Amino acid sequence: NSKVIQTPRYLVKGQGQKAKMRCIPEKGHPVVFWYQQNKNNEFKFLINFQNQEVLQQIDMTEKRFSAECPSNSPCSLEIQSSEAGDSALYLCASSLQGKMETLYFGSGTRLTVL
Amino acid sequence: GDSVTQTEGLVTLTKGLPVMLNCTYQTTYSPFLFWYVQHLNEAPKLLLKSSTDNKRTEHQGFYATLHKSSSSFHLQKSSVQLSDSALYFCALSPGGYKVVFGSGTRLLVSP
């Protein structure tokens, strides 16, 4: 069973609505990644954090997506104004520091934008 | 830039046969390669990983050898089982906290 907890499991929103999902990383893991997995099962990197600091993010994330990993609270990913193309499985993963570390994934939040 | 290529989108096999899923990569850094497996409605999880050239790594009957000369990290198993039906992703960590995934290969094993 995954030790990375993502909620909710399913999320349905109308176009233009906000969509927010949360992730509790595995205990002791300072690095958190968010990926978007589309209907073709392809992974698209969105953003990653080390503790509360953003390490890397893509342009899309900077514009309509916002994310944070506050101290002692779940990490979150929020889409400010959902679009149909945002419908996907959003996967959170955590890891220890370092290049060689395994990513531990949650089961994901499946977002459907109607 | 850094990239991972998985050439097969779908592989269908009968139980008991051998399988090889292809993975090649491009990077200018010292590569660290992973294979992740994702069963239906489950989280992706690590199958195996390696950064050592020409050394075979094994886990749960699957094995792979990183060949830096050919930039490859193919996944193999000598005899597939029904429970091996899943999505398999090859991933590259070229450096820092960057992890690049291939497009995935769906393996379907029939009785």
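What you are looking at is a predicted structure, and each value in this text was computed from that prediction instead of being measured.

Novice: Whenever I open this one, the overall build of chain A confuses me. Can you help?
Specialist: Summing up its helical and strand segments, chain A has one helix and 11 strands in all. Order of helices (α) and strands (β) in chain A, N terminus to C terminus: β-β-β-β-β-β-α-β-β-β-β-β. What you see for chain A is a C-alpha radius of gyration of 13 Å, in line with the 13 Å of a compact globule of 114 residues. If you line up chain A on its principal axes, its C-alpha atoms span 40 × 30 × 25 Å. A burial count over chain A gives 45% of its 114 residues as buried.

Novice: I tried to follow the interface of chain A and chain B on my own but got confused; where do I start?
Specialist: Where the parts come together, the accessible area they lose is often given as the size of the interface. On the chain B side, the residues contacting the 26 residues of chain A number 23 residues. Of the roughly 1,900 Å² buried between chain A and chain B, counting both surfaces, carbon and sulfur atoms make up 57%. The interface formed by chain A and chain B includes zero salt bridges. At the junction of chain A with chain B, the criterion picks out seven residue pairs in polar contact (both at pLDDT 80 or more). Elements represented by at least two residues in the side of chain A that touches chain B include exactly β4 (31–37), β5 (43–50), β6 (53–57) and β9 (88–95) of chain A. If you tally residues by element for the side of chain A that touches chain B, the top one is β4(A), at four residues. In terms of residue class, the side of chain A that touches chain B is made up of 10 nonpolar, 12 polar and four charged.

Novice: How should the sheet that holds strand β3 (residues 19–21) of chain B be read in this particular structure?
Specialist: Residue and element names in this part refer to chain B. One open sheet accounts for four strands, arranged β3-β9-β8-β7; its pairing is antiparallel. On the outer flanks of this sheet lie β3 and β7 (56–59), each paired with one strand and no other. Direction aside, neighbouring strands of the sheet carry axes that sit 20° apart on average. The pairing of strand β8 (residues 62–65) with strand β9 (residues 75–77) spans three bridges and is classified as antiparallel. Its bridge partner lying in β9, phenylalanine 62 is registered against lysine 77.

Novice: Would you mind showing me how to read the sheet that holds strand β1 (residues 5–7) of chain A here?
Specialist: Sheets are built from strands that pair by backbone hydrogen bonding, the pairs being arranged parallel or antiparallel. Residue and element names in this part refer to chain A. The sheet built from four strands is open, its strands ordered β1-β3-β8-β7 with antiparallel pairing. For this open sheet the edge positions go to β1 and β7 (65–68), each flanked by a neighbour on one side alone. Pairwise comparison of adjacent strand axes, ignoring direction, gives a mean angle of 15° for this sheet.

Novice: It is not clear to me how the pairing of strand β11 (residues 98–101) of chain B should be interpreted in this structure. Could you clarify?
Specialist: Across a regular strand the side chains alternate sides, sitting on one face of the sheet and then on the other. All names here are of chain B. Summarising the sheet, strand β10 (residues 86–95) and β11 pair through three bridges and their orientation is antiparallel. Directly across from alanine 91, in β11, lies its bridge partner phenylalanine 101. Once β10 ends, the chain turns through two residues before running back antiparallel as β11, passing glycine 96 with a positive phi of about 60°.

Novice: Explanation requested: the pattern of salt bridges in the structure shown.
Specialist: Residues and elements named next belong to chain A. Taken as a whole and assessed by the stated rule, the structure comprises five salt bridges over all chains. Among the ionic pairs, arginine 64 bridges to glutamate 83, the shortest N-O distance being 3.5 Å. With arginine 64 in the loop between α1 (59–63) and β7 and glutamate 83 in the loop between β8 (75–79) and β9, the pair connects residues that are 19 residues apart, well separated along the chain. Residue class for arginine 64 comes out buried when judged on its relative accessible area of 19%. For glutamate 83, a relative accessible area of 39% gives the class partly exposed. If you follow the salt bridges from partner to partner, you end up with Arg64, Glu83 and Asp86 in one network.

Novice: Got a minute to help me understand the packing of aromatic side chains in this structure?
Specialist: Remark: the centre distance and the inter-plane angle together describe each pair of aromatic rings, the angle taken between the planes. All chains considered together, the criterion is met by 15 aromatic pairs over all chains. Between A:Tyr35 and A:Phe43, the ring centres sit 5.8 Å apart and the planes meet at 75°, which makes this aromatic pair edge-to-face. Of the two residues examined, A:Tyr35 and A:Phe43, each falls in the buried class. Summarising the aromatic geometry, the rings of B:Phe62 and B:Tyr88 are spaced 5.6 Å apart at their centres and angled 40° between planes, so their arrangement reads as tilted. Of this pair, B:Phe62 sits in strand β8 while B:Tyr88 sits in strand β10; the two residues are 26 residues apart in sequence, bridging distant segments of the chain. Given the relative accessible area of 1%, B:Tyr88 is considered buried.

Calculation rules
- Residues numbered from 1 in each chain as written.
- Chains lettered and ligands numbered in written order.
- Predicted model: local features only at pLDDT ≥ 70, side-chain atom pairs only at ≥ 80, totals over all residues.
- Heavy atoms only, no water.
- Helix = DSSP H or I, 4+ residues; strand = E, 2+ residues; numbered from the N terminus.
- Rg over C-alpha atoms; globule rule 2.2 N^0.38 Å.
- Buried < 20%, exposed > 50% of the residue type's maximum accessible area, 1.4 Å probe, protein only.
- Contact = heavy atoms within 4.5 Å.
- Buried area = accessible area lost by both parts, 1.4 Å probe.
- Salt bridge = Lys/Arg side-chain N within 4 Å of Asp/Glu carboxyl O.
- Polar contact = N/O pair within 3.5 Å; in protein donor to acceptor, adjacent residues only side chain to side chain.
- Nonpolar A, V, L, I, M, F, W, Y, C, P; charged D, E, K, R; others polar.
- Pairing = 2+ DSSP bridges.
- Axes fitted to C-alpha atoms, helices over the stretch in contact; angles between N-to-C directions.
- Phe/Tyr/Trp six-rings, centres within 6.5 Å; stacked < 30°, edge-to-face > 60°.

Read these as geometric descriptors, not functional statements.
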